[in-house]
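This is what each chain is made of:
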Number of protein chains: 2
Amino acid sequence: MPTDTPQPSFVLVRPQMGENIGAAARAMWNFGLDRMCVVAPRDGWPNPKAVAMASGAGRLLDEARLVDSLPEAVADCHFVMATTARARGLTKPVFSPERAMQEAASRIAEGQKVAVLFGPERAGLENDDVARANAIINVPVNPEFPSLNLAQCVLLTGYEWRRAQGNIVDERVDMARADWAEQIEIEKLAEHYDERLTQAGFFFPEHKAEGMRTNLRNMWSRMPLTRADVQMLHGVLRQMVRWKERGR
Amino acid sequence: MPTDTPQPSFVLVRPQMGENIGAAARAMWNFGLDRMCVVAPRDGWPNPKAVAMASGAGRLLDEARLVDSLPEAVADCHFVMATTARARGLTKPVFSPERAMQEAASRIAEGQKVAVLFGPERAGLENDDVARANAIINVPVNPEFPSLNLAQCVLLTGYEWRRAQGNIVDERVDMARADWAEQIEIEKLAEHYDERLTQAGFFFPEHKAEGMRTNLRNMWSRMPLTRADVQMLHGVLRQMVRWKERGR
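Residues numbered from 1 in each chain as written. Chains lettered and ligands numbered in written order. Predicted model: local features only at pLDDT ≥ 70, side-chain atom pairs only at ≥ 80, totals over all residues. Heavy atoms only, no water.

1. What about the overall build of chain A?
A count of helical and extended segments in chain A gives 11 helices and 7 strands. For 248 residues, the compact-globule estimate of 2.2 N^0.38 gives 18 Å, and the C-alpha radius of gyration of chain A, at 29 Å, exceeds that figure by more than 25%. Projected onto its principal axes, the C-alpha coordinates of chain A cover approximately 85 × 40 × 40 Å. For chain A, the proportion of its 248 residues judged to be buried stands at 50%. Contacts in chain A between residues at least 24 apart in sequence constitute 83% of all its contacts with a sequence separation of at least 6. (Helix = DSSP H or I, 4+ residues; strand = E, 2+ residues; numbered from the N terminus. Rg over C-alpha atoms; globule rule 2.2 N^0.38 Å. Buried < 20%, exposed > 50% of the residue type's maximum accessible area, 1.4 Å probe, protein only. Contact = heavy atoms within 4.5 Å.)

Here you go:
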């Protein structure tokens, strides 16, 4: 059973190599997508090479819808998007993958069914397929080398679907969990270093001492230190002192 | 010669299979990236399997920097980011791929050199490698199935680099180029249909005629019609009339 997470279905239109179908299944499941539809696969169905390649995502192939034609694949959909590498003569909205998956997410949230079409490996979707879509998704590849394969195109689209769900880990989120040192701890660290380094004769020559002190103080404040960092830096200094004392 | 487009270098750390190195080169070049550095590849260098897989992106392998150790790879870099699948115990900023490539783009714009590290296929980067990076890049994969391979990780990062460059085709841009009909043309189209359908007895029964007229008029206004669409719709109606007349 596919998960009941609301999501677009990914429709592989006349796919050729089983390996690519399997790799597409893996790419989908990497981003939590598990509704695949396969239209008239060249080498029949089920396809043992697809199964071998899919490994951990084999369930998607078992549960895939198999249909004979594209109209059948999208019959119950409200909104259909076609991935293409080339621009077409057709007047139709062209979305970036990001914008496309935002569009998909908002339509799905309203209860619509959305499908994304992926063409056969060699030639991509035909104009007749694209004419059945409400919009085109264009991946911004290097025009000198637009060589995305089927599974890569599925991967990027799935990735954008995942991004459209939000809650992506990012610096703000993750660093917020760190156990940051408080200012008083930074202050005590600075004092500790100031005191010991004064004893050690670090602030020399005299006329530069003031500037050196300020720079050092400033450095401690500039660094994003955790409590553990502060303890470690105290430890470093204590150990140097111990080492010096042993040497006497 | 690599292009002189400012860009991060992608550092493959102890990669194993030649095929994956070749696929990584293709993935990079798909997004216009061509500065690869290879650290201690398991099967030596050059690697014929990498060359075979890279096909159109083989130049990246010819021009790749080959080094023995990670410190050597990033010696001249100002900012280093490590891609990892798992969270690490290390306190370090964790970026989404999007945020990471925005960070890379802004640092590169300021003249900094930026590197992105990709680990070996089986186990990924070691903690010792990650400790050398200034930040971590975490791809938001399905926690139940986090099976991105090396080339897929390179692909997603390259894609985000491309996105961070802006100028991605999107609906606004592309549909703006369409030759949209002006309101007067829509108006004339609506009149044409109104007139002919009145003759044809379409607006029936009488007490519903007003509502039917409004709905039809509203439909023409709601549709994003180009000049060509309008001409085609006029043609459809004219042809129906001709056909009717022939029948008499």
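After presenting the structure, the write-up continues.
2. Details of the relation of the copies chain B and chain A
One copy of the chain maps onto the second through a rotation about an axis and a displacement along it. With an axial shift of 0.1 Å and an RMSD of 0.1 Å, the rotation relating chain B to chain A amounts to 180 degrees. This pairing of chains is accounted for by a two-fold axis. Across chain B, the rotation axis passes nearest the C-alpha of L156 of chain B, at a separation of 3.4 Å. An overlap of 100% is found between the interface residues of chain B and their copies at the interface of chain A, pointing to a shared contact surface. (Least-squares fit on C-alpha atoms with pLDDT ≥ 70 in both.)

3. Notes on the interface of chain B and chain A
Taken together, the contacts link 42 residues of chain B with 42 residues of chain A. Here chain B and chain A share an interface that buries about 3,700 Å² over both sides, 58% of which is from carbon and sulfur atoms. When residues of chain B are sorted by the area they lose upon contact with chain A, N30, F145 and Y159 of chain B head the list and together hold 18% of the total. Between chain B and chain A we count 4 salt bridges in total. (Buried area = accessible area lost by both parts, 1.4 Å probe. Salt bridge = Lys/Arg side-chain N within 4 Å of Asp/Glu carboxyl O.)

4. Re the pairing of strand β7 (residues 135–138) of chain B
All names here are of chain B. Side chains A135 and I137 of β7 all project onto a buried face; the interleaved residues I136 and N138 project onto the opposite face, where all are buried too. Across 4 bridges, the pairing between strand β4 (residues 79–84) and β7 is parallel. Across the sheet, T83 pairs through a bridge with I137, a residue of β7. As paired elements, strand β5 (residues 94–95) and β7 share 2 bridges and run parallel to each other. Each bridged residue has a counterpart across the sheet, and for F95 the counterpart in β7 is I137. (Pairing = 2+ DSSP bridges.)

5. Overview of helix α9 (residues 183–199) of chain B
Residue and element names in this part refer to chain B. The end-to-end C-alpha distance of α9, which contains 17 residues, comes to 24 Å, matching closely the 24 Å that a straight helix rising 1.5 Å per residue would cover. Among the residues of α9, those classed as buried are E185, I186, L189, A190, H192, Y193, D194 and L197. Taken together, the buried residues of α9 touch α10 (206–222) and α11 (227–247). Of the residues flanking the end of α9, it is G201, one or two places downstream, whose phi is positive at about 80 degrees. (Expected span 1.5 Å × (residues − 1).)

6. Notes on the side chain of T157 of chain B
Residue and element names in this part refer to chain B. Position of T157 among the secondary structure elements: in helix α7 (residues 150–164). Take T157: its relative accessible area is 0%, and that puts it in the buried class. Ignoring any residue separated from it by four or fewer positions in sequence, one finds T157 in contact with F10, T83, M101, V116 and F118.

7. Considering the confidence of the model for chain A
Chain-level statistics for chain A give a pLDDT mean of 88 and a share of 94% at 70 or above. Reported for the predicted complex are a pTM of 0.77 and an ipTM of 0.73. (pLDDT = per-residue confidence, 0-100.)

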